[in-house]
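Summary of the model geometry
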Amino acid sequence: RSKSQGGNKITYYSTGMNDQAMVRMELESYLRKALEKNEFHLYYQPLMDLKSGEITCIEALIRWQHPLIGLVSPAQFIPLAEETGLIEEIGAWVLTTACVQTKYWQQNGFPNLGISVNVSAYQFQQHTFLSKVMEALHVSRLAPASLSLELTESAMLKDIGYSISIMKSLQELGVKVSMDDFGTGYSSLSYLRNLPIDTLKIDQSFIKHLHDDPSNIAIVKAIITMGQGLAVSIVAEGVETHEQMNILRDLDCHYAQGYYIQKPLDTAAFEQGFRTVENIAYTVK
Ligand code: C2E
Ligand code: MG
Ligand code: MG
Ligand code: MG
C-alpha cells in the first residue's frame, strides 16, 4: 500500500498501518504531552575516579514514566524525539534540570560534584543549542566547569567543521566535551587529533568481555595510552564486576562507571546511595 493511495495521512495510517507504525504513532502522541505532564525524570549514575575512589561526576540519564505504558527506555524514545524535533525541548529540560539539581547538591554536601549530560546529534546541530546551554547555566547558577556534555562520534562527525566550532565555543565558556560510546563508530583516529574533546568514554561493549577476551584488554589499553598522549581523560563505561574494575585500574584508566559501582538512581535514592558508593572505593583490591 503506497502513501499516495490515501490522500490523507491519518486515513492512510489508520487503515493500512502495521502494528509497529501504530505503536510509533501512539508513542509520538504521548511523547508530545510528556513534558507538560511531568512524566520525565532524571536518574543519576556516578563516575568514579579509579585512583582516589572519589565520585567526581555523575551522568544524568533520562527516564520516561508513562501512566499507561510504564517505563519507556531512552533507547526507544530518544530516536523518536529526534525524528519529530521534540528533542529540542526535551533536551533543554534535561540540561536545566540536571544543572539545577547539581547546583543543589554542590550546596548540600558535595561541593565538587560535576554533571555530565547526554546531547543527541539533532539537538547538537540546532542553531539554538549554545544558547540553551548558556541558559541552563544561567538559570542554575552552576559553574560552567562543572558541566560536561556527552556527544557520540557520529554526532560530532555529521558536519565536522560546524561541530568543532560549537565544541570550541563550549570550551571557551568553560564547559567540557566528552565523546560517548567511543569505539562503536567509524571515525578514523586522525579525527581525534582535531576534535576538541576533554574526555573519551570507552563503550561498554569493550568492557563487557574484558576479563575473558585478551583482545579487549589490548584495545582498552591502546585507548588509554592514546588518551594519555592526547591529554584526554578516559572513562570506562559498563563496569559490572570487581575484576573489570581491577583490570581498568591496573591499566591506569582514570574513571569507571557501571552497575558494579552504582546503577543509575533517582534523586532521592542517589542521596542515600552516595555513602554506599564511597564504601565501594575502599573495597577495591
Ligand atoms: P549512554 O549515554 O551511553 O549511557 C549509558 C547507558 O548504559 C545507560 O542506559 C545506563 O543506564 C547503562 N549502564 C550504565 N552502567 C551499566 C552497566 O554496568 N551495564 C549495563 N549493561 N548498562 C549500564 P540508559 O539510561 O538506558 O540510556 C541509554 C542511552 O540513551 C544513553 O547511552 C544515551 O545515549 C541515551 N540517553 C539517556 N539519557 C539521555 C538524555 O537525557 N538525552 C539524550 N539525548 N540521550 C540520552
Ligand atoms: Mg552517555
Ligand atoms: Mg555510552
Ligand atoms: Mg549509548
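The protein goes by Diguanylate cyclase (GGDEF)-like protein/PAS domain S-box-containing protein in an unreviewed UniProt entry, where it is assigned to Mesobacillus stamsii.

Across its full length, the protein holds 13 helices and nine strands. Considering only intrachain contacts with a sequence separation of at least 6, the fraction spanning at least 24 residues in the protein is 66%. Total accessible area on the protein is roughly 14400 Å²; 52% of this is exposed by carbon and sulfur atoms.

This part takes up the pairing of strand β8 (residues 233–236). Taken together, the four bridges between strand β7 (residues 199–202) and β8 define a ladder with parallel strand orientation. From the neighbouring strand, Lys-201 faces β8, where its bridge partner is Val-235. Here β8 runs beside strand β9 (residues 255–256); their pairing, made up of two bridges, is parallel. Residue pairing for β9: Val-235 is matched across the bridge by Tyr-255. As for the winding sense of the linkage, the β-α-β connection from β8 through helix α12 (residues 242–250) to β9 is right-handed.

Quick look at the nonpolar core now. Within the largest apolar cluster, 76 residues are counted, with the highest numbers of intra-cluster contacts made by Leu-147, Leu-149 and Ile-197. The element contributing the most residues to this core is helix α4 (residues 87–107), with seven residues. Those residues in contact with Leu-149, other than ones at most four positions away along the chain, are Leu-95, Val-117, Val-119, Phe-129, Val-133, Leu-170, Val-175, Lys-176, Val-177 and Ser-178.

Enumeration according to the criterion identifies one cavity of 30 Å³ or more in this entry. Looking at the lining of the largest cavity, the element that brings in the most residues is α4, giving four residues. Looking at side-chain class alone, the lining of the largest cavity contains three nonpolar, four polar and two charged residues.

The next point concerns the site of ligand 1. Of all residues adjacent to ligand 1, which total 22 residues, the nearest are Arg-63, Asn-118, Asp-180, Glu-240 and Tyr-259. Ser-120 is positioned such that a nitrogen or oxygen atom in its backbone is 3.4 Å from a nitrogen atom of ligand 1. With respect to ligand 1, the backbone of Tyr-259 contributes an N or O atom lying 2.7 Å from an oxygen atom. Starting from 790 Å² of accessible surface for ligand 1 in isolation, the protein chains cover 82%. Using a 2 Å cut-off from the grid points, one finds that ligand 1 occupies the largest pocket.

Attention shifts here to unusual backbone geometry. Within the chain, Asp-181 stands out as a residue other than glycine whose phi angle is a positive 55°. Relative to the helices and strands, Asp-181 resides in strand β6 (residues 176–182). Its identity is not glycine, yet Ala-231 carries a phi of approximately 55°, on the positive side. Judged by relative accessible area, Ala-231 falls into the exposed class, the value being 69%.

Okay, the layout of surface pockets next. Quantified by volume, the largest pocket comes out at close to 1200 Å³. Glu-59, Leu-61, Asn-118, Asp-180 and Asp-181 are the residues nearest the centre of the largest pocket, which is lined by 44 residues in total. Every element with two or more residues in the lining of the largest pocket is listed here: β2 (55–66), α3 (74–84), α4, α5 (121–125), β5 (147–152), α7 (153–157), β6 and α10 (204–208). Residue composition of the lining of the largest pocket, grouped by class: 16 nonpolar, 15 polar and 13 charged. For the second largest pocket, the calculated volume is near 310 Å³. If you trace the second largest pocket, you find 21 residues lining it, with Thr-56, Cys-57, Ser-148, Lys-176 and Tyr-255 closest to the centre. Contributing elements (two or more residues each) for the lining of the second largest pocket: β2, β4 (114–118), β5, β6, β7 and β8. Grouping the amino acids of the lining of the second largest pocket by side-chain chemistry returns eight nonpolar, nine polar and four charged.

Calculation criteria
- Residues numbered from 1 in each chain as written.
- Chains lettered and ligands numbered in written order.
- Predicted model: local features only at pLDDT ≥ 70, side-chain atom pairs only at ≥ 80, totals over all residues.
- Heavy atoms only, no water.
- Helix = DSSP H or I, 4+ residues; strand = E, 2+ residues; numbered from the N terminus.
- Contact = heavy atoms within 4.5 Å.
- Areas by Shrake-Rupley, 256 points an atom, 1.4 Å probe, with all protein chains shown as cover.
- Pairing = 2+ DSSP bridges.
- Right-handed = clockwise from strand over helix to strand, strands pointing away.
- Core = buried A, V, L, I, M, F, W, Y, C linked by side-chain atoms within 4.5 Å.
- Buried < 20%, exposed > 50% of the residue type's maximum accessible area, 1.4 Å probe, protein only.
- 1 Å grid on protein atoms, 1.4 Å probe; cavity = no way out; pocket = protein on both sides within 12 Å on 5 of 7 lines; lining within 4 Å.
- Points joined across faces, edges and corners; volume = space filled by probe spheres on them.
- Nonpolar A, V, L, I, M, F, W, Y, C, P; charged D, E, K, R; others polar.
- Near = heavy atom within 4 Å.
- Polar contact = N/O pair within 3.5 Å; in protein donor to acceptor, adjacent residues only side chain to side chain.
- Sits in = over half its atoms within 2 Å of the grid points.

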